[in-house]
Amino acid sequence: MTQAPLDEAAVRQATERCRLVGSAGAPVEFHERIGSTNDRAAELAAGGAAEGALVVAARQEAGRGRRGRTWVSPPGGIYLSLLLRPDEGMLRRLPVTLLGGLAAAEAIEEATGLKPELKWPNDVLLGGRKVAGILGEMTREESGEQRIVLGVGINVATELAALPQELREVADSLAAHTDEVDAGALLGAFLRRFEEHYLAVRRGGGATILAVACARMPLLGKPVRVRFSEERQVTGIASGLNATGGLVLELEDGTREVVVAGEVEGMGAK
Ligand code: BTN
C-alpha cells in the first residue's frame, strides 16, 4: 500500500479548485493531531468564521460519531469538518449529511475506482462494511441563523487492528481494497463533489442528487429493520426516499412511515 500522507500542503492543494471551501477569507486549518475537528470548527464558527471554513486532521483524540458514539481516529484516516451556514430554504430541502455521504462515496470512487454503497442516512460502505461516516451538528445562533458543522471521517489506510474489537467486525479501510490511495486527492475530490451538491441544492435543485444517492442504496426495495432507540424499532420494506431525504417504509399493516432518523439494517439475504 502506498499512500501520500495528508499534510498542510496537501490540504492547501485540495482546496485550490474549490468555490466555497476556503473562499472569502474562510479559514483552512490542518492539524497533525486534534481532539475533534468538529469541536474546532464549532470554535471557528463561534468566532464568526465564514461558510466554507475547513478543519482537517491526520488523527483525532476525541473524535465523535453519531448517536453519542466515539469515532476512533488513528493515523491513516481523513478527519475533516466543514462549516456551513445554510438559509432556511436550504434546510427545508435535502439534509447536508445526505449530501456529505454521497460526496464521500463519489470521491472514493473517483480516487480509487472502488464503488462504495450508501446505507441510509449517510454511512459509506464497501462490501457491507463501513469506510466513512458523517456527523452533522446544527446550532442556532443568537441572530436566529443556523449553522452546521459537517464532520466526515474516512478510513483510508486505517490499521483495523488499531480499532476496538467491536468495530473491527463492521469497519473497513480503503487500503484493504486497493493498493494506492492519495489522501490529498481523495480530500480534494470530496470537497469538490460536496460543494457541487450543496450549491445545487442551495439553488433549489435536489431531485437529481436524490436519484443518484438512491442508486447507491442497495437496501432500497428490501425488508429492513429501523431502530429508533433501545425500546422502539419497526420493520418494513424500504421503498425509497421522499423529497426531503426521509426513508419511506411500507409497514406490514399496509401503512407507510417516513423515517427521519434511525439505524437501518437489512433483514434478508443480500
Ligand atoms: C458516524 O458515526 O458515522 C459519524 C462519524 C463522523 C466522524 C467525523 S471525523 C471528523 C469529524 N470530527 C468528529 O469528531 N467527528 C467527525
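Check the entry above for the structure.
The rules we used
- Residues numbered from 1 in each chain as written.
- Predicted model: local features only at pLDDT ≥ 70, side-chain atom pairs only at ≥ 80, totals over all residues.
- Heavy atoms only, no water.
- Helix = DSSP H or I, 4+ residues; strand = E, 2+ residues; numbered from the N terminus.
- Rg over C-alpha atoms; globule rule 2.2 N^0.38 Å.
- Buried < 20%, exposed > 50% of the residue type's maximum accessible area, 1.4 Å probe, protein only.
- Contact = heavy atoms within 4.5 Å.
- Areas by Shrake-Rupley, 256 points an atom, 1.4 Å probe, with all protein chains shown as cover.
- Lys, Arg positive; Asp, Glu negative; His and termini not counted.
- Charge placed at Lys NZ, Arg CZ, Asp CG, Glu CD.
- Phe/Tyr/Trp six-rings, centres within 6.5 Å; stacked < 30°, edge-to-face > 60°.
- Pairing = 2+ DSSP bridges.
- Axes fitted to C-alpha atoms, helices over the stretch in contact; angles between N-to-C directions.

Visitor: Tell me about the overall build of the protein, residues and numbers included.
Guide: Assigned secondary structure in the protein consists of 7 helices and 12 strands. Over its C-alpha trace the protein gives a radius of gyration of 18 Å, about what one expects of a compact globule, namely 18 Å for 270 residues. The C-alpha extent of the protein, read off along each of the three principal axes, is 55 × 45 × 35 Å. Looking at the protein as a whole, 51% of its 270 residues are labelled buried. Excluding contacts between residues fewer than 6 apart, the proportion of contacts in the protein whose partners are at least 24 apart in sequence is 65%. For the protein, the exposed area adds up to about 12400 Å²; of that, 49% sits on carbon and sulfur atoms. On the protein, the mean spot of the 31 positive side-chain charges and the mean spot of the 37 negative ones are 3 Å from each other.

Visitor: I'd like a rundown of the packing of aromatic side chains, residues and numbers included.
Guide: Two numbers describe a pair of aromatic rings. These are the distance of the centres and the angle of the planes. Considering all chains together, one arrives at 2 aromatic pairs under this definition. Arranged with centres 6.0 Å apart and planes meeting at 20 degrees, the rings of Phe190 and Phe194 form a pair that is stacked. Within this pair, Phe190 and its partner Phe194 are both found in helix 6 (residues 183-202), separated by 4 residues, close to a single helical turn. With a centroid separation of 5.7 Å and an interplanar angle of 25 degrees, the aromatic rings of Phe194 and Tyr198 are classed as stacked. With Phe194 and Tyr198 both in helix 6 and 4 residues apart, the pair spans about one turn of that helix. On the accessibility criterion, Phe194 (0% relative accessible area) is buried. The class of Tyr198 is buried, set by a relative accessible area of 0%. Grouping aromatic residues by their ring pairs yields a cluster made of Phe190, Phe194 and Tyr198.

Visitor: Any details on the pairing of strand 5 (residues 123-126)? Residues and values, ideally.
Guide: Side-chain alternation along strand 5 places Asp123 and Leu125 on one buried face and Val124 and Leu126 on a second face that is also buried. As paired elements, strand 4 (residues 117-119) and strand 5 share 3 bridges and run antiparallel to each other. Each bridged residue has a counterpart across the sheet, and for Leu118 the counterpart in strand 5 is Val124. In this structure, the hairpin formed by strand 4 and strand 5 is closed by a connection of 3 residues. Hairpin connection from strand 5 to strand 6 (residues 129-140): 2 residues lie between these consecutive antiparallel strands, with Gly127 at a positive phi of about 55 degrees.

Visitor: I'd like to hear about the sheet that holds strand 4, residue by residue, with values.
Guide: What the 7 strands build is an open sheet, ordered 1-2-3-7-6-5-4; its pairing is mixed. Since the sheet does not close on itself, it has two edges, and those belong to strand 1 (28-31) and strand 4, each with one partner. The average angle at which neighbouring strand axes cross in this sheet is 15 degrees, direction not considered. The pairing of strand 6 with strand 7 (residues 146-155) spans 9 bridges and is classified as antiparallel.

Without other data, these values stay purely geometric and don't point to any function.
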